[in-house]
Amino acid sequence: MLVVSEEVRDALVTGRPVVALESTIIAHGLPRPRNLRVALELEDAVRREGAVPATVAVLDGRPRVGLDEKQLERVAGGDGIRKLGHRDLPLAVATGASGATTVSATALLAARSGVRVFATGGLGGVHRQWTVTQDESADLGLLARTRITVVCAGVKSILDVPATLQRLETLGVAVAGYGTTRFPGFYLSDSGHPVDWTLESPDEVAAVMRAQDALDGPGSALIVANPVPAARQLDPGLHARVLADALQACEAQGVSGQAVTPFLLDHLVRHTDGASLEANLAAVHGNVRLAGRIAAAWART
Ligand code: PSU
Ligand code: MN
């Protein structure tokens, strides 16, 4: 039922590096038409590191790992493209629906097809109003049960970052900063919170992945938190102001459930004159490149 593209399948059987990419950021996280260009650029960036990109989505009820350009265009076009977390996959399959996959659905499908390294922007996590809404992204629970390495710029700063870090600890998900002792803040290089572990090279990350397998503990993920370069981060003052505003607008308009994350991201783009978009893209690009290098190190082992 899972359709792995020929290029990705080839790479997997011959032991060449592969990087999974999610599609929700394309369909629901970035403005059109820039989103299609970004999707293609990200695939290019993976290739430049010598790895094969495997963008994941569900089209007409078929989960796909590795999309061709036409399929990417469909995802970016957005018409009838739902947002699919892992719980939505069987529903989409059985009803023939199409949708972009979040971190949780992408991680699941990538792991099932044998892809070990995955790049995204920022993970979902615990929302700030959690005590009222109980809104915690399904990303966290799935990563506690899936053996995959996720390269990200931390969790989205729209979230309750310390609560999310605590949940990751409780769930037993390994977290390491890449070249930093600070947990990155998605649009910001530093979320204001420390990380317990720092990894300095792709080979070191690959060694942790090997150790995960050798120890054979619960099949959980490794989160490699890679900060956006300080020169390309969003101005922290602007970030704080606009975020407070976005959270208020979200509540005032009664936005809830799956719509919360796209709403907040879009609000930030519009109220920072696109500066949040540039920081977001800088973060994703950095993550994709690093994931390519980690996948290469992993393929060498
Ligand atoms: N990071 C981004 N843009 C996004 C997302 C992450 O830069 O659009 C998406 C991811 O797909 C993530 C999802 O899994 O948001 C989380 O959504 P929710 O909070 O509804 O679980
Ligand atoms: Mn949510």
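Residues numbered from 1 in each chain as written. Chains lettered and ligands numbered in written order. Predicted model: local features only at pLDDT ≥ 70, side-chain atom pairs only at ≥ 80, totals over all residues. Heavy atoms only, no water.

Caption draft 1: Fine view of the overall build of the protein chain. Along the protein chain, the regular secondary structure elements total 13 helices and 13 strands. Computed over C-alpha atoms, the radius of gyration of the protein chain comes to 18 Å, within 12% of the 19 Å expected from 2.2 N^0.38 for 301 residues, which places it in the range of a compact globule. Per-residue burial for the protein chain yields a buried fraction of 56% across its 301 residues. For the protein chain, contacts bridging at least 24 residues in sequence account for 73% of all contacts bridging at least 6. When the accessible surface of the protein chain is totalled, it reaches about 12800 Å², and 51% of it is carbon and sulfur. The protein chain carries 29 positive and 32 negative side-chain charges, and their two centres are separated by 3 Å. (Helix = DSSP H or I, 4+ residues; strand = E, 2+ residues; numbered from the N terminus. Rg over C-alpha atoms; globule rule 2.2 N^0.38 Å. Buried < 20%, exposed > 50% of the residue type's maximum accessible area, 1.4 Å probe, protein only. Contact = heavy atoms within 4.5 Å. Areas by Shrake-Rupley, 256 points an atom, 1.4 Å probe, with all protein chains shown as cover. Lys, Arg positive; Asp, Glu negative; His and termini not counted. Charge placed at Lys NZ, Arg CZ, Asp CG, Glu CD.)

Caption draft 2: Inspection of the site of ligand 1 at higher detail. Around ligand 1 there are 16 residues in total, and Glu 22, Lys 83, Ser 137, Asp 139 and Lys 156 lie nearest to it. One of the side-chain nitrogen or oxygen atoms of Ser 137 is found 2.7 Å away from an oxygen atom of ligand 1. Within the side chain of Lys 156, a nitrogen or oxygen atom sits 2.8 Å from an oxygen atom of ligand 1. Relative to its unbound accessible surface of 480 Å², ligand 1 loses 94% to contact with the protein. When contributions to the shell around ligand 1 are tallied by element, the ones reaching two or more residues are α2 (24-28) and α12 (260-271). Its residues assigned to classes, the shell around ligand 1 comprises 4 nonpolar, 8 polar and 4 charged. (Near = heavy atom within 4 Å. Polar contact = N/O pair within 3.5 Å; in protein donor to acceptor, adjacent residues only side chain to side chain. Nonpolar A, V, L, I, M, F, W, Y, C, P; charged D, E, K, R; others polar.)

Caption draft 3: Expanded view of a positive patch on the surface. Judged by side-chain charge, Arg 48, Arg 232, Arg 289 and Arg 293 come together as a positively charged surface patch. When you line up the elements, Arg 293 lands in helix α13 (residues 275-300). We classify Arg 293 as partly exposed; its relative accessible area is 37%. (Patch = residues over 30% accessible without salt bridge, like charges linked within 9 Å, V, L, I, M, F, W, Y side chains within 5 Å. Salt bridge = Lys/Arg side-chain N within 4 Å of Asp/Glu carboxyl O.)

Caption draft 4: Structural view of the environment of Val 93. Its place among the elements puts Val 93 in helix α5 (residues 89-95). Val 93 gets classed as partly exposed once you look at its relative accessible area, which sits at 25%. What Val 93 contacts, discounting residues up to four positions off in sequence, is Met 1, Gly 61 and Pro 63.

Caption draft 5: Spatial organisation of the packing of aromatic side chains. The tally for this structure, following the rule as stated, stands at 1 aromatic pair. With centroids separated by 4.5 Å and ring planes inclined at 55°, the aromatic side chains of Phe 186 and Tyr 187 adopt a geometry described as tilted. When sorted by exposure, Phe 186 lands in the same class as Tyr 187, which is buried. (Phe/Tyr/Trp six-rings, centres within 6.5 Å; stacked < 30°, edge-to-face > 60°.)

Caption draft 6: The arrangement of the packing of helix α11 (residues 236-252) against α12 in detail. Their axes nearest at 9 Å, the elements α11 and α12 cross at an angle of 135°. As judged from the angle between their axes, α11 and α12 are oblique. Here the hand of the crossing between α11 and α12 comes out right-handed. Residues His 239, Val 242, Leu 243, Asp 245, Ala 246, Leu 247, Ala 249 and Cys 250 of α11 pack against Val 260, Phe 263, Leu 264, His 267, Leu 268 and His 271 of α12. (Axes fitted to C-alpha atoms, helices over the stretch in contact; angles between N-to-C directions. Parallel < 35°, antiparallel > 145°, perpendicular 65-115°, else oblique. Left-handed = near helix turned anticlockwise from the far one by under 90°.)

Caption draft 7: Examining the pairing of strand β10 (residues 182-185) more closely. Here 3 bridges tie β10 to strand β11 (residues 188-194), and the two strands are oriented antiparallel to one another. Across the sheet, residue Arg 182 finds its bridge partner in β11, namely Pro 194. Remark: 2 residues form the turn of the hairpin made by β10 and β11, two consecutive strands paired antiparallel; Phe 186 in that turn has positive phi of roughly 65°. (Pairing = 2+ DSSP bridges.)

Caption draft 8: Here's a closer look at the nonpolar core. Ranked by size, the top nonpolar core spans 64 residues in total, and within it Val 65, Leu 123, Leu 143, Ile 148, Phe 183 and Ile 223 carry the most contacts. Here this core spans two domains, since at least three of its residues come from each of domain 1 (1-115) and domain 2 (121-301). Apart from residues no more than four positions distant in its own chain, Ile 148 is found in contact with Ala 107, Ala 110, Ala 111, Val 115, Arg 116, Val 117, Phe 118, Leu 143, Ser 220, Ala 221 and Leu 222. Residues Val 38, Val 75, Ala 76 and Val 288 belong to the second largest nonpolar core, which totals 39 residues. (Core = buried A, V, L, I, M, F, W, Y, C linked by side-chain atoms within 4.5 Å. Domains from an automatic or database assignment.)

Caption draft 9: Just α11, in detail. Between the first and last C-alpha of α11 there are 24 Å, a value that for 17 residues agrees with the 24 Å anticipated at 1.5 Å per step. Every buried residue of α11 is accounted for by Leu 238, His 239, Val 242, Leu 243, Ala 246, Ala 249 and Cys 250. Each buried residue of α11 lies within a common arc of 125° when the element is viewed along its axis, so the set occupies one face. Exposed and oriented more than 90 degrees from the buried face of α11 are Arg 241, Gln 248, Glu 251 and Ala 252. In this structure, the buried residues of α11 make contact with β11 and α12. Once α11 ends, the next one or two residues include Gly 254, with phi positive near 65°. (Expected span 1.5 Å × (residues − 1). Arc of directions from axis to C-beta.)

Shape descriptors only; they carry no functional weight alone.
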